[in-house]
Amino acid sequence: MNAFKPYILNALVFLPLLGTIIMLMYDQIVGKNEESLRRIALFFSTLTFIASLPLIWWTGDPALSVNVPWVENLGINYHLEVDGLSLWLVLLTTMLMPIAILSGWTSVHDKVREYLAFMLVLETGMIGVFLAMDMILFYLFWEVMLVPMYFLIGVWGGERRIYAAIKFVLYTMVGSLLMLVAIIALYLLHGDAQVGGKATFDIVTITKNLADSNFLSFNQQYWMFLAFGLAFAIKVPLFPFHTWLPDAHVEAPTAGSVILAGVLLKMGTYGFMRFNLPMFPEAAHHFAVPIMVLAVIGIIYGALVAMVQPDMKKLIAYSSVSHLGFVMLGMFAFTDMGMQGSLYQMLNHGVSSGALFLVVGIIYERRHTRQISEFGGLATPMPVFSTLFLIIAFSSIGLPLLNGFVGEFLILIGTFNSTYSRAFAAFATTGVILSAVYMLWMVQRVVFGEITSEKNRNLPDLNLREKFVLVPLVILIIFMGVYPSFFLNRTAEQVKQIRTVVEKNKPSNPVADNLK
């Protein structure tokens, strides 16, 4: 069995790519029938999800690793590995992709082959980012992910799709180039220090050597943290780097919005926990207060802007800015509870926001509008839809016994008990209140009340395909809220290791002492 385990990681990366090749190159197998193309894409994305399930029990096994020389002279390896930090993000990716493909089953009719191919290539890039343990391999997967999302927005998006796609690429590329410079600099500094015998791009090796000998000066850590941090802050997005997100969400097709909210934004927060905290811990302490300030501003600002949005999709987009502010706040609290909550909230947001975008996509297919004022009283013609919508909205608010409550509770308690000012937790709590305001306001105007438009009176309720799309996410929302230890126990060790490194390099007189 151990000999078989490394092949699982290769399968996760390359199964979607295999599906892409079959669709693009073998017309005699697939044919030109759009239904056949959709089934092939769904088959390979579902197979990838099934292949990822054993990771839940195998994570932490030394046999679950692929590490072979790639460009040996430069210290570049093909190194794939899964740990507590990446486990649930890989599962989130493999679970959301077949759901996203199903969501566009009847809404995408133009260039179906290319659309599905980009979706599967995107899955390869996303899984690769979470599994890569070599910095060059990580960077390649990071860039691979960028290209298909650009085309998904630019070709199958809304009226302003070109503007949104170019804005998305420009923002991401600026951060990516800075990250590449930092990767090369870190490689050269590691080689100059002769730590471990030779220069390498291996993330595990560099992180271990930094923890043991800390061959970077504070000044070097400072600039490295900024270069990596800017790339990840844009992707989160952390205020004030968020302006690309509403346009990308609004213009993207439903499946694109689901993947963008569910997975792509988590690459930024994952990057902070994989690189910035364990590799540059002194700089992390230096930047903790500014980042927490920006996180709190993002929480409140995102919620306030969401409150005044007439478009449901844009409302959910700004809610993402608010919710991911909580993720950054808990992460830089540097407490076990805060960092565990941060990682858990990444999963919560991926499930809840992905489900909300699916909800919007379902009613957009029926009415071809996302304006809140166009709806009202949908509970009468669409009771099943309305019930699921309500549960998903409650999860986004953070209702107890649903997933959002666990993440936000851990983050707020962890922040309150952190080295830094308790005021951060107090101000962040207002974001919870504001999220209830804008989310319940939207639900009340869309689902409840009188039917204000005759066009809504006879809208069909969810069909079987749409139930397959929404019901699994609702079940997961409830399961994560009732039984969070199933998830938290598998991330605890990795979070503890990162926090130990950060605390070990805590300055003797942190800036936080002045905020007490």
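Provided above is the structure to which this section pertains.
Notes on the structure in this doc start here. (Residues numbered from 1 in each chain as written. Predicted model: local features only at pLDDT ≥ 70, side-chain atom pairs only at ≥ 80, totals over all residues. Heavy atoms only, no water.)

1. Overview of a nonpolar patch on the surface
Then comes step 1: Where nonpolar side chains cluster on the molecular surface, the patch consists of Leu401, Ile478, Phe479, Val482 and Tyr483 and spans about 470 Å² of accessible area.
Then comes step 2: Classification of Tyr483 by relative accessible area gives partly exposed; the value is 40%. (Patch = residues over 30% accessible without salt bridge, like charges linked within 9 Å, V, L, I, M, F, W, Y side chains within 5 Å. Areas by Shrake-Rupley, 256 points an atom, 1.4 Å probe, with all protein chains shown as cover. Salt bridge = Lys/Arg side-chain N within 4 Å of Asp/Glu carboxyl O. Buried < 20%, exposed > 50% of the residue type's maximum accessible area, 1.4 Å probe, protein only.)

2. What to know about the pattern of salt bridges
Then comes step 1: Within the structure shown, the criterion is met by 12 salt bridges.
Then comes step 2: Ionic pairing is found between Asp247 and Arg160, a salt bridge with its closest N-O pair at 3.4 Å. Here Asp247 is found in helix α11 (residues 244-251), whereas its partner Arg160 is found in the loop between α7 (135-156) and α8 (161-193), with 87 residues between them in sequence.
Then comes step 3: With relative accessibility at 12%, the residue Asp247 sits in the buried group.
Then comes step 4: Residue classification places Arg160 among the partly exposed positions, given a relative accessible area of 42%.
Then comes step 5: The salt bridge partner of Asp247 is Lys167, with a shortest N-O separation of 3.0 Å. (Helix = DSSP H or I, 4+ residues; strand = E, 2+ residues; numbered from the N terminus.)

3. Describing the side chain of Arg366
Then comes step 1: With respect to the helices, strands and loops of the structure, Arg366 is situated in helix α15 (residues 336-367).
Then comes step 2: Within the structure, the side chain of Arg366 is placed 3.1 Å from the backbone oxygen of Ile362, a separation counted as a polar contact.
Then comes step 3: Within the local environment of Arg366, its side chain forms a polar contact with the side chain of Glu466, the two groups lying 2.8 Å apart.
Then comes step 4: Beyond its immediate chain neighbours, meaning those up to four positions away, Arg366 contacts Met382, Leu459, Pro460, Asp461, Leu462, Asn463 and Glu466. (Polar contact = N/O pair within 3.5 Å; in protein donor to acceptor, adjacent residues only side chain to side chain. Contact = heavy atoms within 4.5 Å.)

4. Section: the packing of α15 against helix α16 (residues 383-397)
Then comes step 1: Put simply, α15 and α16 touch, their axes get as near as 9 Å, and they point 150 degrees apart. Considering how the two elements wind past one another, α15 and α16 form a crossing that is left-handed. Only Phe385, Phe389, Ile392, Ala393, Ser395 and Ser396 of α16 make contact with α15, whose side of the interface consists of Ser352, Ala355, Leu356, Val359, Ile362 and Ile363.
Then comes step 2: Taken together, the residues of the contact of α15 with α16 sort by class into nine nonpolar, three polar and no charged. (Axes fitted to C-alpha atoms, helices over the stretch in contact; angles between N-to-C directions. Left-handed = near helix turned anticlockwise from the far one by under 90°. Nonpolar A, V, L, I, M, F, W, Y, C, P; charged D, E, K, R; others polar.)

5. Concerning the packing of α7 against helix α10 (residues 218-235)
Then comes step 1: Relative to each other, α7 and α10 sit at 30 degrees, their axes nearing to 14 Å. Taken as axis vectors, α7 and α10 run roughly parallel relative to one another. In this structure, α7 crosses over α10, and the sense of that crossing is left-handed. On α10, the residues touching Phe138, Trp142 and Met145 of α7 are Ala231, Phe232 and Lys235. (Parallel < 35°, antiparallel > 145°, perpendicular 65-115°, else oblique.)

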